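# Residue-level structure breakdown
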Amino acid sequence: MTTTLDTKWNAGLYDDKHNFVFKFGEDVVQLLAPQQGERILDLGCGTGYLTNLIAQAGARVIGIDHSASMIGRAAAAYPDLDFRVLSATSFHFDTPFDAVFSNATLHWVLDKEQAIDNIYKALRPGGRFILEMGGKGNVEEIVVATRKVLTRHGYYSNAATQLWYFPSLGEYSTLLEKRGFRVRFASHFDRPTQLQDTDNGIKDWIKMFGNAFFKDIPDSAIEPVLDEIQEAVRPTNFRNHNWYGNYKRLRIEAIKQ
Ligand code: BEZ
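This is a predicted model, so every value here is computed, not measured. (Residues numbered from 1 in each chain as written. Predicted model: local features only at pLDDT ≥ 70, side-chain atom pairs only at ≥ 80, totals over all residues. Heavy atoms only, no water.)

### What to know about the overall build of the protein chain
Put simply, the rule reads: Going along the chain from the N terminus, every DSSP run of H or I of four or more residues is numbered as a helix, and every run of E of two or more is numbered as a strand. In this setup the radius of gyration rests on C-alpha atoms only. A globule is expected at 2.2 Å times the number of residues raised to 0.38. A simple rule labels every residue: compare its accessible area, found with a 1.4 Å probe on the protein chains alone, to the largest value its type can have, and call it buried under 20%, exposed over 50%, or partly exposed in between. We call two residues in contact when some of their heavy atoms are within 4.5 Å. Computed with a 1.4 Å probe, the accessible areas rest on the Shrake-Rupley method; for each residue, only the protein chains presented here act as cover. The charged-residue count follows a simple rule in which Lys and Arg add positive charge and Asp and Glu add negative charge, with His and chain termini not counted at all. Charged side chains are reduced to one point each, which is NZ for Lys, CZ for Arg, CG for Asp and CD for Glu.
For the protein chain, the helix and strand inventory stands at eleven helices and eight strands. For 257 residues, the compact-globule formula gives about 18 Å, and the C-alpha radius of gyration of the protein chain, at 18 Å, lands near that figure. Evaluated residue by residue, the protein chain yields a buried proportion of 55% over its 257 residues. Of all intrachain contacts in the protein chain linking residues separated by at least 6 positions in sequence, the fraction that spans at least 24 positions is 76%. Total accessible area on the protein chain stands at roughly 11,300 Å², and carbon and sulfur atoms take up 49% of it. Of the charged side chains in the protein chain, 29 are positive and 31 negative, and the gap between their average positions amounts to 4 Å.

### Digging into empty space enclosed by the protein
Put simply, the rule is: Cavities and pockets were defined on a 1 Å grid built from protein atoms only: a cavity is a group of points that admits a 1.4 Å probe but offers it no way out, a pocket is an open group of points flanked by protein on both sides within 12 Å along at least five of seven lines, and a lining residue is one with an atom within 4 Å of any such point. Grid points are joined across faces, edges and corners, and a volume is the space filled by probe spheres set on the points.
Per the counting criterion, the structure on display carries three cavities of 30 Å³ or more. Along its surface, the largest cavity is lined by 15 residues, and His107, Trp108, Trp205, Phe209 and Tyr247 are the ones closest to its centre. Elements with a minimum of two residues in the lining of the largest cavity: α10 (201-209) and β8 (242-256). Broken down by secondary-structure element, the contributors of at least two residues to the lining of the second largest cavity are α2 (20-23), α4 (49-56) and β4 (97-103).

### Notes on the nonpolar core
Here is the rule: Among buried residues, the Ala, Val, Leu, Ile, Met, Phe, Trp, Tyr and Cys ones that are joined through side-chain atoms within 4.5 Å form a nonpolar core.
Counting residues in each nonpolar core, the largest one holds 49 residues, and the members touching the most others are Phe101, Trp164, Trp205, Phe209 and Phe214. Here this core takes six residues from helix α11 (residues 219-237), the largest share from any one element. Beyond its immediate chain neighbours, meaning those up to four positions away, Phe101 contacts Gly25, Val28, Val29, Leu32, Ile40, Leu41, Asp42, Leu43, Leu50, Ile54 and Ile130. Membership of the second largest hydrophobic core comes to 28 residues, among which are Leu106, Leu123, Leu131 and Ile252.

### Considering the site of the ligand
Condition: The near set for a molecule or strand comprises every residue that places at least one heavy atom within 4 Å of it. Polar contacts here mean pairs of N or O atoms no more than 3.5 Å apart (in protein, one a potential hydrogen donor and the other a potential acceptor; neighbouring residues in sequence count only if both atoms are side-chain atoms). Grid points define the cavity or pocket, and a molecule sits in it when more than half of its atoms lie within 2 Å of them.
Every residue near the ligand is listed here: Ala104, His107, Trp108, Gly134, Asn138, Trp164, Phe166, Trp205, Phe209, Tyr247 and Arg249. Note that an oxygen atom of the ligand is positioned 2.7 Å from one of the side-chain N or O atoms of Asn138. With respect to the ligand, the side chain of Arg249 contributes an N or O atom lying 2.5 Å from an oxygen atom. Structurally, the ligand is housed in the largest cavity.

### Concerning the layout of surface pockets
As a reminder of what qualifies: Classification convention: Asp, Glu, Lys, Arg as charged; Ala, Val, Leu, Ile, Met, Phe, Trp, Tyr, Cys, Pro as nonpolar; all other residues, Gly among them, as polar.
Considering only enclosed or pocket space, the second largest pocket measures out at about 160 Å³ in volume. A per-class count over the lining of the second largest pocket returns six nonpolar, four polar and two charged.

### A word on the pairing of strand β5 (residues 123-134)
The line we're drawing: Pairing between two strands is assigned when DSSP locates at least 2 bridges connecting them. Handedness of a crossover is defined as follows: orient the strands so they point away from the viewer, and if the path from the first strand over the helix to the second runs clockwise, the crossover is right-handed.
β5 sits mainly inside the fold: nine of its twelve residues count as buried. For β4 and β5, the ladder comprises six bridges, and the chain directions are parallel. Bridge pairing links Phe97 to Leu123 in β5. A crossover connection joins β4 to the parallel β5 through helix α6 (residues 112-122); in handedness this β-α-β unit is right-handed. In this sheet, β8 lies alongside β5 in antiparallel orientation, the contact comprising seven bridges. Along β8, the bridge assignment pairs Arg128 with Ile255.

### Points about unusual backbone geometry
Of note, Val139 is a non-glycine position whose phi angle comes to about 40°, a positive value. Summarising the element assignment, Val139 is placed in the loop between β5 and α7 (140-152).

### With respect to α6
Every buried residue belonging to α6 is among Ala115, Ile116, Asp117, Asn118, Ile119, Tyr120 and Ala122, and all of these are buried. Elements that come into contact with the buried residues of α6 comprise β1 (39-43), β4, β5, α9 (169-179), β6 (181-194) and β8.

The analysis is restricted to geometry; functional conclusions fall outside its scope.
Here it is, written out as structure tokens:
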């Protein structure tokens, strides 16, 4: 789950402070309902927590991720499972899967048609694609404030960085249907997500996930920009003594026709 902008993932920090990403994904595994002996691809497996849950259900699962550091950590944590460094836009397997599963990954993939084409080709006819990703409006206050503050400081090209793709339900369903999927279930829902650090939750979140916005900005200039962004979103993202990401999720089940 890395970007075309070469986000460098800190897999340890991801596990320690941002593990809500995969803890929330347990619901998505329930929608997948993996069966004994099924062959399943976990696309954007990160550090392997959900891959392991899928394996525990008796499925034969392969986890792929674009980030070598994530895959290194996954392989160390779950040495009996099959993990590979592969990206959503270029993977290929000869043997088809019964299901492709993807949690909190596809909003990083700007070439969405290519990813959907690869997923379609990886499935057997009748196979299912179960996904959850950021949908339209996801973490919007953080994105808007980041662009605004970077612009105010004169970092115009940083402010224009295209890091994520948060489609509407209609837009993503249409892309799936165009490629030959039947969308059997789709939902676009709010999931306010409490961030771990009560003082600097937004700054921490941006450092983990949005560092590409700060490419080539000197370290000494980054902290004041982050302070301003965090303060800008306080009215919408801080409540009951905690910071929140105002996540909006897109959850879909689609069948290869
Ligand atoms: C998400 O899961 O919605 C997300 C995570 C990190 C950055 C952007 C979105």
